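Coordinate analysis (summary)
Next come the chains, spelled out residue by residue.
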Amino acid sequence: MNKVFKMAAAASATRAAPSDMAAAKTAASAASLALHVLAECPVSKARACVLKLPHGAVNTPVFMPVGTQGTLKGVTVAQLEELGCQICLGNTYHLGMRPGPELIEKANGLHGFMNWKRNLLTDSGGFQMVSLVELSAVTEEGVMFRSPYDGREILLTPEQSIAIQNSLGSDIIMQLDDVVSSTVTGPRVEEAMRRSIRWLDRCAAANKNPHRQNLFAIIQGGLNAELRKACLDEMTKRDVPGFAIGGLSGGEEKDDFWKMVTLSTDHLPRGKPRYLMGVGYAVDLVVCVALGCDMFDCVFPTRTARFGSALVPWGSLQLKQKQYAKDFQPIDPECQCATCKRHSRAYLHALFKSDTAAMHHITVHNICYQLTLMRSVRDSIIEQRFPEFVRSFMKRMFPSSEQYPSWAEDALASVNITLD
Amino acid sequence: RGGMKLELSKVVQGCRLGVLIGIGKTGQHSLELPGCLLYTRCATVPHLTQDTLHTLTYLPAGAQVALDGLAEHHEVLEEFKEGVRKFAGLHDTALFCSLHDPATNCPTGHVTNKNVACALAMTVIVVPQTVSVWGSGGRIEMTAARFIAMQAVIQPDCYQSMADGETWQTNTSRKRVHKAVNRTLAHLDECLTLHHKTPQLKHTEVFGVVEGGDILEERVRSARETAKRPVAGFVLDGFQSAAMEQELRGQLITAVTAELPVEKPRMLQGVGRPDEVIACVEAGVDLFEGFFPFQVTERGCALCFDYNVTPDPEAAALSPPTVLELNGERPAVEDPKQNDIGNTGTMTQFEMNLKDIRYREDFRPLVEGCGCYCCKNHHRAYVHHLLVTSELLAGVLLMLHNTAHYLGFFRALREAISHERLQDFKTTVTKVDFGGRKQLH
């Protein structure tokens, strides 16, 4: 714990002077993560980077598909690799329950267990506590919940979350945070924020593998600017390899959401990755890249695929609907994925009545859509035409400018991108 | 154009070894016999996209579609115009169209009687006009005209004629069986007439269907009469695994194939278990439906039976351990009642139940030495986990493995016939001693 504070004191995190930046960079590369900023948008806060991790380089901005239970819903790791995915998520809560950390450790970690050779990020298990499980209590010790499998009461502490993630062996691990819904107000928000800071320190101390597993802090503070700023001030004193922006994308108003995102990126160090958790809708991704975020994850694209919803640059196609029964075009004539190269909307519509492969086709397509979107965003930043990209992206997505979501217009305007 | 042709290279103990050539529009496909067709639902191999399907190195040259899965898409296919293979984005494979999906049990009692008189061999018989198939929305009735119209939009390379096969229930009356044979022949004649008037079916072959339930005389009659028609081959219906014991099946099939011309292929419906396949090949069957790997997959099991006969018979006594012995186990022969999972049937001695807790920490591939994607990339513990957590990938991986294993079995069967090692092969596969030179361990 003392070591952490000493190193943190040497490298002040916010808008640091050049010498401090050098010290910070050294500290960062002593860990197993390095961020190289390739290009920055001169207009907005967008940046294009290369994130070096133990299992290879990741180009950012990046969308990370979610493979909750050690598998990406019907897609093989070969297909995932083929799609160009460089990092995906595993879920500590689910994997911690089944098959459990001991077994996964025997299998050479989650990489060995699912045979994924590239990077993995695991969350702490905290979010599932709140969203999925019957919660008994949150105390300073940890999160107490009732196991859905055998009804036992289980306590998940910061130390245990890190221990599980150490067994999983993921390249990026997340601190256990005291998660509070973004719609909650009052003293609970501050309590959760303060506790998350203390839990961050406990997580850092508990990490057995700092040289190959990168612990990210999670900025909390709800929708309260002061609390969030306080959290940023404190957490950036710690020498962690990266920061996540948490406590958002949980049903709050988009107007409040973007303001907290931009506040967060304003106070996070340039030289470390910014991971915005739970964001995956195309518009949200593009706007939050403009606001300075590098990494995103969301179950939406893969989940919606299984309901027959195919993502396209102009929205989505609900392929189970009758109107597609005789539509012989591919989902997107310009898409290069295996599904679009071989199959029509009409065939997928028909197949949905017979076989699971229909879902797999759409899942492959949706992942391709997300990854291609991020690649295009990144290329435009590198080529110094990100604002133009944003404008044409919005034009394609919405039939008319009247339909642009006002929160998105406001957010983009705040970083000097005007849409009309 | 000559059309489909069977080139027989060898007959050993009743087993025919050969190649069915000249299949397809330009005669480009050939199928090694005995062989099986790739099973599809709505022209997709279950669970598999083209990427995952093509990790399989030895795909059979023929695939099967069924009207059960396609009839409801008639209008779409009609508008599409280019046939179901193209509609589905299937690879370049010969397509055989059957009436029913072999992996689904069809309800019975739906052959309708519309009191239409039809002349057949100088006898006036009351012939029902329709046969039914079962789509996702329920029953679809078809007259011969509609049946042929369906084939015209599907554009398979070969299809079985419309047939009345509802005689597989026990205690079907002799009278009913007799009627079924007659109806089927009448349907065949109708279909052939309409077929030759349909330009889209110019390069498509028709197989006649042999019915007759479990009655020897009816089977022989059906075979003889069907053989008189200008068909390219024969489908043997009503012998489904669920319908009949292997011994009776073997006897009846032998009697049937004795009536059929040697130079035309015989396809058997509804039989897929390895031991039954071998027995039916001995009875004169050439071609099988490939649905068995799918059924095994659906019950969360993996095929693991040994089909490798040692190449050197002299070394048989010192032969290397069987695949199962290498894996340190034999599959658990579990209580059949505990393993009956609806349509997918009971677990057999040819498979292992990967949901079993014994595989939880087993980091070996499903089958040692198997070259399929699943065995090359994953272990039993992972597949077990996927099954326990109801993950979709389980179906993908199991389908790949089971298909690869099953196709390997057919290759090995052909080799065994070719090298005249059939008894050893049977012993290896069924674990029952059929004599031969190999010592049972």
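Residues numbered from 1 in each chain as written. Chains lettered and ligands numbered in written order. Predicted model: local features only at pLDDT ≥ 70, side-chain atom pairs only at ≥ 80, totals over all residues. Heavy atoms only, no water.

**Observations regarding the overall build of chain B**
Convention followed: A run of H or I in DSSP counts as a helix once it spans at least four residues, and a run of E counts as a strand once it spans at least two, with each numbered from the N terminus. Contacts are assigned to residue pairs with any non-hydrogen atoms lying within 4.5 Å of each other. Accessible areas in this description were obtained via Shrake-Rupley with a 1.4 Å probe; residue shielding takes into account the shown protein chains only.
Each helix and strand counted, chain B has 15 helices and 17 strands in total. When contacts within chain B are restricted to residue pairs at least 6 apart in sequence, long-range pairs at least 24 apart make up 67% of them. Working note: accessible area of chain B is about 17100 Å², and carbon and sulfur atoms make up 52% of it.

**Some thoughts on a negative patch on the surface**
Residues and elements named next belong to chain A. Keep this limit in mind: Surface patches are defined over residues having more than 30% relative accessible area and no salt bridge, joining like charges when they lie within 9 Å and nonpolar side chains (Val, Leu, Ile, Met, Phe, Trp, Tyr) when within 5 Å. Any Lys or Arg side-chain nitrogen found within 4 Å of a carboxyl oxygen on Asp or Glu counts as a salt bridge. Residues scored as charged are limited to Lys and Arg (positive) and Asp and Glu (negative), so that His and the chain ends carry no count. A charge is said to be at NZ when it belongs to Lys, at CZ for Arg, at CG for Asp and at CD for Glu.
A surface patch of like charges, here negative, comprises Glu253, Asp255, Asp256, Glu402, Glu409, Asp410 and Asp420. Mapped by element, the contributors of at least two residues to the negative patch are α11 (254-266) and α18 (406-414). The residue Glu402 is located in the loop between α17 (386-397) and α18 in this model.

**What to know about the pairing of strand β1 (residues 5-12) of chain B**
Residues and elements named next belong to chain B. For the record, the criterion: At least two DSSP bridges between two strands are required for those strands to pair.
Looking at chain direction, β1 and strand β2 (residues 15-23) are connected through seven bridges and run antiparallel. In the strand pairing of β2, Leu8 is matched with Gly18. Linking two consecutive strands that pair antiparallel, namely β1 and β2, is a turn of two residues; a positive phi of about 50° is found at Gln13 within it.

**Description of the environment of Phe63 of chain A**
Residue and element names in this part refer to chain A. As a reminder of what qualifies: Three exposure classes are used, based on accessible area relative to the maximum for each residue type with a 1.4 Å probe and protein chains only: buried under 20%, partly exposed in between, and exposed over 50%.
Mapped onto the elements, Phe63 comes out in strand β4 (residues 62-64). With a relative accessible area of 3%, Phe63 lands in the buried category. Sequence-wise, Phe63 and Pro387 are 324 residues apart; in three dimensions their C-alpha atoms are separated by 20 Å. Those residues in contact with Phe63, other than ones at most four positions away along the chain, are Val279, Gly280, Leu285, Phe296, Asp297, Cys298, Pro301, Gln370, Leu371 and Met374.

**Looking at the sheet that holds strand β13 (residues 274-276) of chain A**
All names here are of chain A. Applicable threshold: Lines fitted to C-alpha atoms define the axes here, with helix axes fitted over just the stretch in contact, and angles between the N-to-C directions of these axes take values from 0 to 180 degrees.
One open sheet holds the eight strands; their spatial order is β4-β14-β13-β12-β11-β10-β6-β5, and the pairing between them is parallel. The open sheet has two free edges, formed respectively by β4 and β5 (87-90), since each of these has just one partner strand. The average angle at which neighbouring strand axes cross in this sheet is 25°, direction not considered. Of the strand pairs in this sheet, strand β6 (residues 119-122) and strand β10 (residues 172-174) are connected by two bridges, and their pairing is parallel. Following the sheet pairing, Thr122 is matched in β10 by Ile173.

**Points about the sheet that holds strand β14 (residues 266-268) of chain B**
Residues and elements named next belong to chain B. Read around the closed barrel, the eight strands follow the order β4-β5-β6-β11-β12-β13-β14-β15; overall the barrel is parallel. With direction set aside, neighbouring strand axes in the sheet form an average angle of 30°. With five bridges connecting them, strand β5 (residues 62-66) and strand β6 (residues 94-98) associate as parallel partners. The residue of β6 that forms the bridge with Val65 is Cys97. Strands in contact with helix α5 (residues 144-154) are β5, β6 and β11 (158-160); relative to β11, the strand with the most contacts, it is inclined by about 155°. Across the face of the sheet, helix α7 (residues 216-228) comes into contact with β12 (205-210) and β13 (233-236) while running at roughly 160° to β12.

**Looking at the interface of chain B and chain A**
Threshold: Computed with a 1.4 Å rolling probe, the buried area is the accessible surface lost when two parts are put together, summed over both parts. Between N or O atoms, a polar contact is any pair within 3.5 Å; within protein, one atom must be a potential hydrogen donor and the other a potential acceptor, and residues adjacent in sequence are included only when both atoms are from side chains. Each residue receives one of three labels: charged for Asp, Glu, Lys and Arg, nonpolar for Ala, Val, Leu, Ile, Met, Phe, Trp, Tyr, Cys and Pro, and polar for the others, Gly being one of them.
The partner chain A presents 40 residues to the 41 residues of chain B that form the contact. Here chain B meets chain A over a buried area of about 3500 Å², counting both sides, of which 59% is carbon and sulfur. For the chain B face of the interface with chain A, the top three residues by lost area are His385, Glu391 and Leu392 of chain B, together amounting to 16%. Scanning the region where chain B abuts chain A turns up five salt bridges. Glu391 of chain B is paired through a salt bridge with Lys73 of chain A; the nearest N and O atoms lie 2.7 Å apart. Here chain B and chain A share 18 residue pairs in polar contact (both at pLDDT 80 or more) between them. Of all elements in the fold, only α1 (50-53), α3 (74-80), α4 (84-88), α12 (373-377), α13 (380-388) and α14 (393-418) of chain B reach the threshold of two or more residues within the side of chain B that touches chain A. Partitioned by chemical class, the residues of the side of chain B that touches chain A number 19 nonpolar, 14 polar and eight charged.

**Side note on the confidence of the model for chain B**
Residues and elements named next belong to chain B. Note the following rule: Confidence of the predictor at the level of single residues is given by pLDDT, which spans 0 to 100.
Taken as a whole, chain B shows an average pLDDT of 87; of its residues, 84% reach a score of 70 or greater. Per-residue pLDDT stays below 50 along residues 112-124; that stretch engages in 27 contacts with residues further than four places along the chain or on separate chains. Low pLDDT (under 50) marks residues 315-342, which in the prediction has 54 contacts with non-local residues, meaning those over four places away or in another chain. Interface confidence in the predicted complex, given as ipTM, is 0.90; pTM for the same model is 0.90.

**Digging into the UniProt feature "active site" (unreviewed entry) in chain A**
Residues and elements named next belong to chain A. Quick note on the threshold: UniProt positions are given in the numbering used here, feature names are shortened, and annotations may be inferred rather than shown by experiment.
Here the UniProt feature "active site" (unreviewed entry) sits at Asp123 and Asp297. In terms of the greatest pairwise C-alpha distance, the residues named above, spread along 175 residues, form a tight cluster of at most 10.6 Å across. Secondary-structure assignment places Asp123 in the loop between β6 and α7 (126-131). What makes Asp123 buried here is its relative accessible area of 10%.

**Comments concerning the UniProt feature "binding site: Zn(2+)" (unreviewed entry) in chain A**
Residues and elements named next belong to chain A. Taken from the UniProt record, the annotation "binding site: Zn(2+)" (unreviewed entry) applies to Cys335, Cys337, Cys340 and His365. Maximum C-alpha separation among the annotated residues is 8.2 Å over a sequence range of 31 residues, consistent with a single clustered spot. With a relative accessible area of 10%, Cys335 lands in the buried category. Setting aside anything within four residues of it in sequence, one finds Cys335 in contact with Cys340, His365 and Cys368. Examined against the element boundaries, Cys337 turns out to sit in the loop between β16 (315-318) and α14 (338-342).

**Observations concerning the confidence of the model for chain A**
Residue and element names in this part refer to chain A. For chain A, mean pLDDT is 91; residues scoring 70 or higher make up 91% of the total. Scored below 50 in pLDDT, residues 1-20 makes 22 contacts in the model with residues more than four places away or belonging to other chains. Taken together, the stretch residues 22-30 has pLDDT below 50 and engages in seven contacts with residues farther than four places along the chain or on a different chain.

**Regarding helix α9 (residues 187-206) of chain A**
The condition is simple: In a helix, the anticipated span is given by 1.5 Å times the number of residues less one.
Here α9 of chain A is 20 residues long and its end C-alpha atoms lie 28 Å apart, about the 28 Å a rise of 1.5 Å per residue gives. Those residues of α9 of chain A lying buried are Val189, Ala192, Met193, Arg195, Ser196, Ile197, Trp199, Leu200, Asp201 and Cys203 of chain A.

**Points about the environment of Met399 of chain B**
All names here are of chain B. Considering the arrangement of structural elements, one finds Met399 in helix α14. The class of Met399 is buried, set by a relative accessible area of 1%. Measuring from C-alpha to C-alpha, the distance between Met399 and Leu48 comes to 7.8 Å, with 351 residues separating the pair along the chain. Once residues lying within four places of it in the same chain are set aside, the contact partners of Met399 are Val45, Pro46, His47, Leu48, Pro293, Phe294 and Thr297.

**Side note on the side chain of His378 of chain B**
For His378 of chain B, the location among the structural elements is in the loop between α12 and α13. Setting aside residues no more than four positions away along its own chain, His378 of chain B makes contact with Val77, Met114 and Asn115 of chain A together with Pro365, Tyr373 and Leu397 of chain B.

**Quick word on the packing of aromatic side chains**
Residues and elements named next belong to chain B. For clarity, the threshold we go by: For this analysis, a ring pair means two rings from Phe, Tyr or Trp (six-membered ring only for Trp) whose centres lie within 6.5 Å, classed as stacked if their planes differ by under 30 degrees, edge-to-face if by over 60, and tilted for the remaining angles.
The final tally for this structure, using the stated rule, is 21 aromatic pairs over all chains. Between the aromatic rings of Phe305 and Tyr307, the centroid separation amounts to 6.0 Å while the plane-to-plane angle is 65°, which identifies the pairing as edge-to-face. For Phe305, a relative accessible area of 3% puts it in the buried group. Exposure remark for Tyr307: the relative accessible area of 15% places this residue in the buried category.

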